[in-house]
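If you want the building blocks of each chain, they are given just below.
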Amino acid sequence: MTKLTLFIVSDSIGETAELVAKAAVSQFSEGLETVSVKRFSHVEEESQLREIAFLAKQQNALVIYTLVKSNMRKKLLEDCDSQGIQCIDLLGPLVDVLSINLGEKPLEEPGLVRQLDDEYFKKIEAIEFAVKYDDGRDPRGIKKADIVLIGVSRTSKTPLSQYLAHKRYKVANVPLVPEVNPPDELFEIDPNKCFALVISPEKLNCIRKERLIALGLKDDANYAQLDRIKKEIIHFENVVSKIGCTVIDVTNRAVEETANVIVSKLTK
């Protein structure tokens, strides 16, 4: 039974090269039993390449590499040739072809794929968080959140939460209703991460009437009455004064504009 050692060389983690190598090895009946894989991650110095090539010679290993810097790829190829060992460049040829077709030079920065993956998963996590802690469903999310939104019904808390989640912020939102005591957690968090959304009674009156009509209901329900709205806003103001958080008037603001205000205050 032939034994083979694969050296995986990368200036990042090396997961990509190892996955490709294992996918290839799996095509052989006894490949997984006869092939061993050794990974060399975060290789950024030419001296490391010489050492790896020397070790590969001692162990009669095959070198597989994903190095984004062209000078490092060239150096490893030279070192492997000098040691008389085989090496396979998984990344270089494709990068060169893309460079020609896109008409621009590659960035040659290690780890960009992982950064993109991390950003993607952070976004998904934030979106799931916003859904889980939407509309005050679970007050435990208030302390876990990056941003907490409070306001009366129909002040765009949910769409704003989702918009901010796409910017990778974990957002919890809590509706304020006179008949329901606000969760204790609201008064225990840093007020700087809490934002209160206010809207003019007249504008809110129109929004709520349209909402009732969309639901097939009459627009004269108590929910859309000006007296009821003013009562809710008074309650809202009382809660806000106790928290000491920032108040943002969303009467004539798009969700994107409100989000920009919040982000700018958080990043000061």
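Figured I'd write up the structure that's included with this text. If you're wondering where the values come from, they're calculated on a predicted model, not measured in any experiment.

On the basis of which strands lie adjacent, the open sheet formed by 4 strands has the order E6-E5-E7-E8 and parallel pairing. The open sheet has two free edges, formed respectively by strand E6 (171-175) and strand E8 (246-249), since each of these has just one partner strand. Strand-to-strand twist across the sheet, computed as the mean angle between neighbouring axes with direction ignored, equals 25 degrees. With 4 bridges joining them, strand E7 (residues 194-198) and E8 adopt parallel strand pairing. Across the sheet, Phe195 pairs through a bridge with Thr246, a residue of E8. Sheet strands in contact with helix H8 (residues 157-165) are strand E5 (147-151), E6 and E7, and its direction is about 175 degrees off that of E6.

Turning next to the packing of aromatic side chains. What the rule picks out here adds up to 3 aromatic pairs. Aromatic pair Phe7 and Phe40: ring centres 4.9 Å apart, planes at 55 degrees, arrangement tilted. Residue Phe7 is located in strand E1 (residues 4-10), and its partner Phe40 is located in strand E2 (residues 35-40); the two are separated by 33 residues in the primary sequence. Owing to a relative accessible area of 0%, Phe7 belongs among the buried residues under this scheme. With a centroid separation of 5.4 Å and 70 degrees between ring planes, the pair formed by Tyr120 and Phe121 is classed as edge-to-face.

Time to look at the pattern of salt bridges. Pairing of side chains with opposite charge becomes possible as their charged atoms draw close. Using the criterion set out here, one finds 13 salt bridges in the structure. As a salt-bridge pair, Asp138 and Arg140 come within 2.8 Å of each other at their nearest N and O atoms. Judged by relative accessible area, which is 56%, Arg140 ranks as exposed. The salt bridge involving Glu179 is made with Arg228; its shortest N-O contact spans 2.7 Å. Taken together, the positions of Glu179 in the loop between E6 and E7 and Arg228 in helix H10 (residues 226-243) put the pair 49 residues apart, joining distant regions of the chain. Under the relative-accessibility criterion, Glu179 is labelled exposed at 52%. In this structure Arg228 comes out as buried when scored by relative accessible area, which is 14%. One salt-bridge network, in which partners are shared between bridges, spans Glu179, Arg208, Arg228 and Glu232.

Rules and cut-offs
- Within any chain, residue numbers begin from 1 and follow the written order of that chain's sequence.
- Under the rules for a predicted model, residues below a pLDDT of 70 receive no local features and side-chain atom pairs below 80 are neither given nor counted, while totals for whole chains, interfaces and linings still include all residues.
- Processing note: side-chain calculations cover all non-hydrogen atoms of the structure and skip hydrogens and water entirely.
- A strand pair is defined by DSSP finding two or more bridges across the two strands.
- Under the scheme used here, helices are H or I runs from DSSP no shorter than 4 residues and strands are E runs no shorter than 2 residues, and both carry numbers assigned from the N terminus.
- Only C-alpha atoms enter the line fits that serve as axes; for helices the fit covers just the stretch in contact. Angles between N-to-C directions range over 0 to 180 degrees.
- Working rule for contacts: check all heavy atoms of both residues, and any pair within 4.5 Å makes them a contact.
- Ring geometry is summarised as follows: Phe, Tyr and Trp rings, the Trp one being its six-membered ring, pair when their centres sit within 6.5 Å, and such pairs are stacked at plane angles under 30 degrees, edge-to-face over 60 and tilted between the two.
- For the exposure calls, accessible area comes from a 1.4 Å probe over protein chains only, and a residue counts as buried if that area is under 20% of its type's maximum, exposed if over 50%, partly exposed in between.
- Only one rule defines a salt bridge in this text: a Lys or Arg side-chain nitrogen within 4 Å of an Asp or Glu carboxyl oxygen.

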